[in-house]
Amino acid sequence: MQPEDPADDALWTVERHLRAAPPAAATLYRDVEAAVRGLGPVTLSVSRSSITFKGTRRGFAGARPTAAGVVGYLDLLRELSRERRIRSVSPYQSNLFVHQFVLREPGDVDAEFVGWLREAYEVGCGAHLKGS
């Protein structure tokens with residue numbers, strides 16, 4: 001039998017990410033996950049680089065606890081103005097923008113951030129396909 005290859009995405013779990021993270025980052029990740037799960041049906045796809053949240057049509061956000069807090073992305077139908085949590089914004093296709101974020105403290109998962117998650121969840125449920 002071959003030894004486990006740590007690069008094998010099949011071996012990555014949410015718990016494995018959380019065990020490797022500082023306790024504050026693990027708690028912050030759980031806050032993000034709870035906010036996402038509060039939006040509706042969600043499935044998770046876990047890999048070495050991210051924990052992806054998927055709606056009924058596609059992945060719409062990802063997050064991973066790190067030494068810096070929680071890093072991740074949101075797929076939105078609009079481009080958000082830059083603010084301290086948004087590290088970069090890139091067009092993904094004509095009507096989608098990928099927003100890279102970093103969360104450093106519990107207050108970062110506020111009503112505004114949950115609103116962005118809600119918009120991203122709508123993309124995960126196919127909002128980006130309307131009018132196509």
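Refer to the structure above for everything that follows.
Since the model is a prediction, treat every value here as computed from it, not as a measurement.

Student: I'm lost on the overall build of the protein chain in this one. Help?
Tutor: Counting its secondary structure elements, the protein chain contains three helices and six strands. What you see in the protein chain, going N to C, is helices and strands ordered as α-α-β-β-β-β-β-β-α. Relative to the 2.2 N^0.38 estimate, which gives 14 Å for 132 residues, the radius of gyration of the protein chain is 15 Å and therefore close to what a compact globule would have. In terms of overall dimensions, the protein chain has C-alpha extents of about 50 × 35 × 25 Å along its principal axes. Put simply, the protein chain has 132 residues, and 45% of those count as buried. Considering only contacts within the protein chain whose residues lie at least 6 apart along the sequence, 52% involve residues at least 24 apart. Carbon and sulfur atoms make up 51% of the accessible area of the protein chain, which totals about 7,200 Å².

Student: It is not clear to me how the pattern of salt bridges should be interpreted in this structure. Could you clarify?
Tutor: If charged atoms from side chains of opposite charge come close, those side chains can pair. Enumeration over the complete set of coordinates arrives at nine salt bridges. Among the salt bridges present, the one from Arg 37 reaches Glu 33, with a minimum N-O distance of 2.9 Å. On the criterion of helical spacing, the pair formed by Arg 37 and Glu 33 is a turn pair, its members being four residues apart in helix H2 (residues 23-37). Taking relative accessible area as the criterion, Arg 37 reaches 42% and is therefore assigned partly exposed.

Student: Just checking my understanding: could you explain the packing of H2 against helix H3 (residues 111-124) for this structure?
Tutor: How two helices sit against one another is set out by the angle between their axes and by the gap between those axes. Following both chains from N to C, one finds H2 and H3 inclined at 50 degrees, their axes separated by 10 Å at the closest point. Accordingly, the angle class assigned to the pair H2 and H3 is oblique. As for how H2 packs across H3, the hand of that crossing is right-handed. From H2, Val 32, Ala 35 and Val 36 reach across to H3, where they touch Phe 113, Val 114 and Leu 117. A per-class count over the contact of H2 with H3 returns six nonpolar, no polar and no charged.

Student: I keep staring at the nonpolar core and nothing clicks. Help me out?
Tutor: The tendency in soluble globular proteins is for nonpolar side chains to be buried as a group. One finds Phe 53, Leu 74 and Phe 113 to be the most contacted residues of the largest nonpolar core, which totals 29 residues. Contributing elements (two or more residues each) for this core: helix H1 (14-20), H2, strand S2 (51-54), strand S3 (59-66), strand S4 (69-76), strand S6 (96-103) and H3. Broken down by element, this core gets its largest block of residues, six residues, from H2. For Leu 74, the contacting residues outside a window of four places in its chain are Phe 60, Ala 61, Phe 97, Val 98, His 99, Phe 101, Phe 113, Trp 116, Leu 117 and Ala 120.

Student: Where do I start with the pairing of strand S5 (residues 86-93) in this structure?
Tutor: In this structure, S5 lies alongside S6, joined through six bridges in antiparallel fashion. Bridging from a neighbouring strand, Ile 86 pairs with Phe 101 of S6. Hairpin geometry of S5 and S6 is characterised by an intervening segment of two residues between the two adjacent antiparallel strands.

Student: Hey, could you run me through the packing of aromatic side chains in this one?
Tutor: Given two aromatic rings, their pairing is described by the distance between the two centres and the angle made by the two planes. Tallying each qualifying case throughout the model produces four aromatic pairs. Between Tyr 29 and Phe 53, the ring centres sit 6.4 Å apart and the planes meet at 15 degrees, which makes this aromatic pair stacked. Taken together, the positions of Tyr 29 in helix H2 and Phe 53 in strand S2 put the pair 24 residues apart, joining distant regions of the chain. For the pair formed by Tyr 29 and Phe 53, the shared burial category is buried. On the numbers, 5.5 Å between centres and 90 degrees between planes, the contact of Phe 60 with Tyr 121 is edge-to-face. Placement of Phe 60 in strand S3 and of Tyr 121 in helix H3 is noted, with a sequence separation of 61 residues between them.

Calculation rules
- Residues numbered from 1 in each chain as written.
- Predicted model: local features only at pLDDT ≥ 70, side-chain atom pairs only at ≥ 80, totals over all residues.
- Heavy atoms only, no water.
- Helix = DSSP H or I, 4+ residues; strand = E, 2+ residues; numbered from the N terminus.
- Rg over C-alpha atoms; globule rule 2.2 N^0.38 Å.
- Buried < 20%, exposed > 50% of the residue type's maximum accessible area, 1.4 Å probe, protein only.
- Contact = heavy atoms within 4.5 Å.
- Areas by Shrake-Rupley, 256 points an atom, 1.4 Å probe, with all protein chains shown as cover.
- Salt bridge = Lys/Arg side-chain N within 4 Å of Asp/Glu carboxyl O.
- Axes fitted to C-alpha atoms, helices over the stretch in contact; angles between N-to-C directions.
- Parallel < 35°, antiparallel > 145°, perpendicular 65-115°, else oblique.
- Left-handed = near helix turned anticlockwise from the far one by under 90°.
- Nonpolar A, V, L, I, M, F, W, Y, C, P; charged D, E, K, R; others polar.
- Core = buried A, V, L, I, M, F, W, Y, C linked by side-chain atoms within 4.5 Å.
- Pairing = 2+ DSSP bridges.
- Phe/Tyr/Trp six-rings, centres within 6.5 Å; stacked < 30°, edge-to-face > 60°.

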